[in-house]
Amino acid sequence: MRTDFEHLLIERRGPVLLVTLNRPDKLNALHAPMHEEVLELLRTVDGDPDSNVVVLTGAGRGFCAGGDVTKMPGADGEPQVRESELYLVSRPLTSAILAVEKPIVAMVNGPASGLGATIALFCDVVVASDAAHFSDSHVNVGLVAGDGGAVIWPLLVGVARAKEYLLTGQRLTAAEAERIGLVNHVVAADSLEEFTLELAGKIAAQPAFAVRATKATINRHLRRSFEDTMDVGGAWQLISLKSDEHKAAVKAFAERKKKS
C-alpha cells in the first residue's frame with residue numbers, strides 16, 4: 001500500500017493506521033488531487049497486512065470543510081464543471097468508504113461540513129472533539145445534498161430531523177450531534193486522540209474476520225439505501241452544480257473571502 005501521498009499523512013500506531021487529511025490551510029477541503037489520493041487509499045487499504053483498523057482525521061483545526069468552494073463554478077468567473085464533477089458528485093468516494101472491509105473510525109477534531117460531514121458519518125464509528133461541529137451545508141451554496149448526506153443523515157437521526165438539518169444547512173455542535181445519535185462519542189479536545197486510538201485498538205484486538213464480516217453484514221442496510229438514493233442525488237447535484245443560483249452563491253462566498 002502506498003504511503004507517500006501529497007495531501008494525506010499516514011502513520012502506524014500498532015495495528016491501527018492513522019490517516020490524516022492534510023490541507024490545514026483550507027480546513028482540509030477536498031480538491032481533485034486530494035480526492036484522488038483518498039480514493040486510492042480507500043481502494044488499497046484492505047491489502048495492508050499490518051493494520052486491522054483505520055482512523056481518519058484532519059490536520060490543524062478542522063476535520064474536513066467538504067468540497068473546496070474556491071474551485072467551484074463561479075468562484076473566479078470561469079466555469080470549472082469538469083474538475084468539480086470529480087469530487088462534488090461523490091458516488092465513487094462514498095462507495096469506496098463502504099467497500100473497505102476494515103473498520104474505519106472517524107476522529108473528528110474540528111469542523112466537518114458538507115462532503116466532510118458525509119465522509120465522517122459514513123465511517124463505522126465517529127468520535128468527535130467537543131470543539132467539533134457538523135453541518136451539511138450544500139443548500140447554502142445552491143447545491144443539492146447529493147454526495148451521500150441524504151443517505152446517511154436519515155439513517156442516523158431519522159427522516160424528520162435529517163430534513164430539517166439538510167434543508168437549512170444548520171450547524172450542530174458536537175454535543176447536539178451526540179444527543180441525537182449522529183456521532184458515537186464526544187470527548188475533550190485534549191483527550192480526543194488518546195480516546196479514539198484506545199477505542200480503535202480495542203476493535204483491532206478482536207478476531208479480524210469476525211469484525212470485518214460483522215461490518216459487512218451491518219452495512220447491507222446502508223448499501224440498500226445508498227443504491228436507492230445516490231444516483232438520483234448525484235444527478236440532481238450535477239444539475240444544481242451548473243445552475244445560476246449556485247454560481248451566484250459561490251461568487252458571493254469568494255468575494256467575502258477576499259474582503260476578510
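How each quantity is defined
Each chain carries its own residue numbering, running from 1 in the direction its sequence is written. Where local features are concerned, this predicted model is filtered to residues with pLDDT of at least 70; where side-chain atom pairs are given and counted, the filter is 80 or more; whole-chain, interface and lining totals use all residues. Water and hydrogen atoms were dropped before computing side-chain values, which therefore reflect all heavy atoms in the structure. Each patch is built from salt-bridge-free residues with over 30% relative accessible area, joining like charges within 9 Å and nonpolar side chains (Val, Leu, Ile, Met, Phe, Trp, Tyr) within 5 Å. Residue burial considers only the protein chains on display, and all accessible areas are found by Shrake-Rupley using a 1.4 Å probe. By salt bridge we mean one thing: a side-chain nitrogen of Lys or Arg within 4 Å of a carboxyl oxygen of Asp or Glu. The way it works is that DSSP assigns letters per residue, a run of H or I at least four long becomes a helix, a run of E at least two long becomes a strand, and they are numbered from the N terminus. Relative accessibility thresholds used throughout: buried, under 20% of the residue-type maximum; exposed, over 50%; partly exposed, between the two (1.4 Å probe, protein chains only). Whenever a helix is involved, its axis is fitted only over the stretch in contact; in every case the axis is a line through C-alpha atoms, and angles between N-to-C directions fall within 0 to 180 degrees. Angle categories are assigned with fixed cut-offs, so that under 35 degrees is roughly parallel, over 145 is roughly antiparallel, 65 to 115 is roughly perpendicular, and the rest are oblique. Less than a right angle of anticlockwise turn of the near helix away from the far helix marks a crossing as left-handed, whereas a clockwise turn marks it as right-handed. Working rule for contacts: check all heavy atoms of both residues, and any pair within 4.5 Å makes them a contact. For this classification, the nonpolar set comprises Ala, Val, Leu, Ile, Met, Phe, Trp, Tyr, Cys and Pro, the charged set comprises Asp, Glu, Lys and Arg, and every other residue, Gly included, is treated as polar. Only rings of Phe, Tyr and Trp enter the pairing, Trp through its six-membered ring, and a pair is recorded when the two centres are within 6.5 Å. The plane angle decides the type: under 30 degrees is stacked, over 60 is edge-to-face, the rest tilted.

Q: How would you summarise a nonpolar patch on the surface if you had to cite specific residues and measurements?
A: Residues V144, V232, W236 and I239 make up a contiguous nonpolar surface patch of roughly 380 Å² in combined accessible area. Structurally, V144 is set in the loop between β7 (133-135) and α5 (149-157). Overall, the relative accessible area of 31% leaves V144 in the partly exposed class.

Q: Go over the packing of helix α1 (residues 32-44) against helix α3 (residues 91-99), please, and point to the residues and values.
A: Across the interface, α1 lies against α3 with an axial gap of 9 Å and an inter-helix angle of 25°. When the interaxial angle is binned, α1 and α3 end up roughly parallel. For the pair α1 and α3, the crossing hand works out as left-handed. Residues H35, V38, L39, L42 and R43 of α1 pack against P92, L93, A96 and I97 of α3. Here the contact of α1 with α3 is built from residues that sort into seven nonpolar, one polar and one charged.

Q: Tell me about the packing of aromatic side chains, and please be specific about residues and values.
A: The geometry of an aromatic ring pair is captured by the separation of the ring centres together with the interplanar angle, meaning the angle of the planes. Under the criterion given, the structure shown has two aromatic pairs. Here F122 and F226 contribute two aromatic rings whose centre-to-centre distance is 6.3 Å and whose plane-to-plane angle is 75°, an arrangement assigned as edge-to-face. Taken as a pair, F122 in helix α4 (residues 115-122) and F226 in helix α9 (residues 208-241) lie far apart in primary sequence, 104 residues in all. Both residues of the pair, F122 and F226, belong to the buried class. Arranged with centres 6.0 Å apart and planes meeting at 55°, the rings of W153 and Y165 form a pair that is tilted.

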